[in-house]
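Residues per chain are reported as follows:
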Amino acid sequence: MVVAQAAMYLKAPLATLPTSSIASPAQRVQRILLSLVSAVLLLDAGVLMALRHFNVGVTVPAVLGTAGALLAWQWPLVQRWRLSRRSHARLWNWGWALLALWVLSVLLFWSRLLGTGVQPEQVPPVAAIVVLGSGTQNGQPRPVLVERLDTAAQLAHLQPSALIAVCGGVDWGETESEATVMARYLMEHHGIAAERLLLEGQSTSTELNLQLSRPLLQARGIDATAPTAMVSSDFHLMRAMAMAQQQGLTGMVPVAAATPLATRYNAWLREYFAMLSSWVLGEL
């Protein structure tokens with residue numbers, strides 16, 4: 001009986017399909033859930049875009065939210081299409097299966113990020129602290145960078161003899177380098193002495209943060225194998241440590257700064273794609 005009914009759905013023209021098959025309680029629940037998830041994704045992306053956050057961790061939720069909203073809006077029509085042919089039903093099932101596998105891969109990646117890095121009080125004695133850049137706006141560090149700087153300052157007070165290298169070039173639309181903004185923040189907000197600070201203001205990537213800060217540290221007698229703390233966001237440390245090892249920086253200790261909740265999952269999603277891109281390009 002069930003097989004015969006399914007065969008009828010697959011062979012029937014769109015106009016003859018029973019409305020009960022696309023308006024059942026289960027179908028209504030699916031449509032409502034899809035609408036809610038899509039609304040959350042669109043709200044998240046819209047708020048962050050309004051705050052001038054434009055990256056893959058924001059655009060992917062925007063695209064998924066838009067696609068989900070359109071699907072929920074046209075749900076009856078889509079379900080008629082799904083039931084009109086066996087190949088449509090297979091395509092529908094494969095699409096959701098692939099989406100589920102992708103979400104699972106993201107969650108597994110996030111679980112790996114959670115265990116990366118130590119807190120400032122757990123760091124053994126180091127000769128230097130390298131703080132990786134993360135973006136400035138209107139001459140001020142963005143929230144993610146503030147977390148990195150506050151974590152670095154905590155470590156700097158625990159280890160007062162360590163030098164501090166702040167890294168980052170000039171962001172788009174800005175007039176000062178990230179390094180300049182970072183150094184000013186550490187001095188004004190945490191009382192870090194200027195003579196402890198080394199400014200690397202040319203880099204535009206994590207790889208260059210590490211590469212260009214190296215000569216500054218070497219000039220102060222700190223070689224590549226010296227114990228050095230690398231401060232970055234929790235989501236970023238895995239990739240940053242892999243790059244440090246590629247550059248022969250064997251003395252690096254990863255120190256994790258928390259990611260602000262408002263952008264946490266977007267930043268983690270962005271890092272998922274950044275790690276994938278680095279792997280594809282052979283950077284790791």
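Residues numbered from 1 in each chain as written. Predicted model: local features only at pLDDT ≥ 70, side-chain atom pairs only at ≥ 80, totals over all residues. Heavy atoms only, no water.

1. What to know about the overall build of the protein
For step 1, the next point in the chain: A tally of helices and strands in the protein yields 10 helices and 7 strands.
For step 2, the next point in the chain: For the protein, whose C-alpha radius of gyration is 25 Å, the value lies well above the compact-globule estimate of 19 Å for 284 residues.
For step 3, the next point in the chain: For the protein, the spread of C-alpha atoms along the three principal axes comes to 80 × 35 × 30 Å.
For step 4, the next point in the chain: Here the protein holds 284 residues, and the buried ones make up 45% of them.
For step 5, the next point in the chain: Contacts in the protein between residues far apart in sequence, at least 24 positions, make up 74% of those at least 6 positions apart.
For step 6, the next point in the chain: If you sum the accessible surface of the protein, you get close to 14,900 Å²; carbon and sulfur atoms cover 65% of it.
For step 7, the next point in the chain: Positive and negative side-chain charges in the protein, numbering 19 and 16 respectively, have mean positions lying 23 Å apart. (Helix = DSSP H or I, 4+ residues; strand = E, 2+ residues; numbered from the N terminus. Rg over C-alpha atoms; globule rule 2.2 N^0.38 Å. Buried < 20%, exposed > 50% of the residue type's maximum accessible area, 1.4 Å probe, protein only. Contact = heavy atoms within 4.5 Å. Areas by Shrake-Rupley, 256 points an atom, 1.4 Å probe, with all protein chains shown as cover. Lys, Arg positive; Asp, Glu negative; His and termini not counted. Charge placed at Lys NZ, Arg CZ, Asp CG, Glu CD.)

2. Regarding the packing of helix α9 (residues 237–246) against helix α10 (residues 264–280)
For step 1, the next point in the chain: Between α9 and α10, the least distance of the axes is 10 Å, while the angle of their chain directions is 25 degrees. Here α9 lies roughly parallel to α10, going by the angle between them. Touching Met238, Arg239 and Met243 of α9 are Glu271, Ala274, Met275 and Ser278, all from α10.
For step 2, the next point in the chain: Broken down by class, the residue content of the contact of α9 with α10 amounts to 4 nonpolar, 1 polar and 2 charged. (Axes fitted to C-alpha atoms, helices over the stretch in contact; angles between N-to-C directions. Parallel < 35°, antiparallel > 145°, perpendicular 65-115°, else oblique. Nonpolar A, V, L, I, M, F, W, Y, C, P; charged D, E, K, R; others polar.)

3. A look at the confidence of the model for the protein
For step 1, the next point in the chain: Averaged over the protein, the pLDDT score is 88; the fraction of residues at 70 or greater is 91%.
For step 2, the next point in the chain: Least confident of the elements in the protein is helix α1 (residues 2–11), whose mean pLDDT is 42; most confident is strand β1 (residues 128–131), at 97.
For step 3, the next point in the chain: Below a pLDDT of 50 lies the segment residues 1–17, which in the model reaches 18 contacts outside its immediate sequence neighbourhood of four places, other chains included. (pLDDT = per-residue confidence, 0-100.)

4. Some thoughts on the environment of Val56
For step 1, the next point in the chain: With respect to the element layout, Val56 can be found in helix α3 (residues 56–73).
For step 2, the next point in the chain: On the basis of relative accessible area, Val56 is assigned to the partly exposed category, the value being 30%.
For step 3, the next point in the chain: In this structure, the C-alpha to C-alpha distance between Val56 and Gln74, residues 18 residues apart in sequence, is 27 Å.

5. Description of the nonpolar core
For step 1, the next point in the chain: Of all hydrophobic cores here, the largest spans 24 residues; its most connected members are Ile129, Val131, Ile164, Val166 and Leu186.
For step 2, the next point in the chain: Of all the secondary-structure elements, those providing two or more residues to this core are β1, α6 (143–158), β4 (163–167), α7 (178–190), β6 (228–233) and β7 (252–257).
For step 3, the next point in the chain: Broken down by element, this core gets its largest block of residues, 6 residues, from α6.
For step 4, the next point in the chain: The next biggest cluster of nonpolar side chains, apart from the first, holds 20 residues, and it includes Cys167, Ile222, Met243 and Met252. (Core = buried A, V, L, I, M, F, W, Y, C linked by side-chain atoms within 4.5 Å.)

6. Some points on the packing of aromatic side chains
For step 1, the next point in the chain: The full count for this structure, using the stated rule, is 9 aromatic pairs.
For step 2, the next point in the chain: A ring pair is formed by Trp110 and Trp268, whose centres lie 5.7 Å apart and whose planes are at 70 degrees; its orientation type is edge-to-face. Highlighted residues: Trp110 in helix α5 (residues 86–114) and Trp268 in helix α10, separated in sequence by 158 residues.
For step 3, the next point in the chain: Its relative accessible area of 16% is what places Trp110 among the buried residues.
For step 4, the next point in the chain: Assessed through its relative accessible area of 7%, Trp268 is described here as buried.
For step 5, the next point in the chain: Where Tyr265 meets Trp268, the ring centres are 5.7 Å apart and the plane angle is 75 degrees; that geometry is what we call edge-to-face. Taken together, the residues span about one helical turn, with Tyr265 and Trp268 both in helix α10 at a distance of 3 residues.
For step 6, the next point in the chain: Residue Tyr265 is classed as partly exposed on the basis of its relative accessible area, which comes to 43%. (Phe/Tyr/Trp six-rings, centres within 6.5 Å; stacked < 30°, edge-to-face > 60°.)

7. Details of the sheet that holds β4
For step 1, the next point in the chain: The 5 strands are arranged β5-β4-β1-β6-β7 in an open sheet whose pairing can be described as parallel. The open sheet has two free edges, formed respectively by β5 (197–200) and β7, since each of these has just one partner strand. Along the sheet, successive strands turn relative to each other by an average axial angle of 20 degrees, direction set aside.
For step 2, the next point in the chain: Summarising the sheet, β4 and β5 pair through 4 bridges and their orientation is parallel. Paired with Val166 across the bridge in β5 is Leu199.
For step 3, the next point in the chain: Relative to β5, helix α8 (residues 206–219) is tilted by about 135 degrees, and along the sheet it contacts β1, β4, β5, β6 and β7. (Pairing = 2+ DSSP bridges.)

8. Description of α9
For step 1, the next point in the chain: Where burial is concerned, most of α9 is hidden: 7 out of the 10 residues are buried.
For step 2, the next point in the chain: By the burial criterion, the buried members of α9 are Leu237, Met238, Arg239, Ala240, Met241, Met243 and Ala244.
For step 3, the next point in the chain: Its buried side turned inward, α9 meets α5, α8, β6, β7 and α10.
For step 4, the next point in the chain: Just downstream of α9, Gly248 is the residue with a positive phi angle, here 80 degrees.

9. Observations concerning the environment of Leu101
For step 1, the next point in the chain: If you trace the backbone, Leu101 turns up in helix α5.
For step 2, the next point in the chain: By relative accessible area, which is 55% here, Leu101 ends up exposed.
For step 3, the next point in the chain: For Leu101 and Met182, which are 81 residues apart along the polypeptide, the C-alpha to C-alpha distance reads 40 Å.

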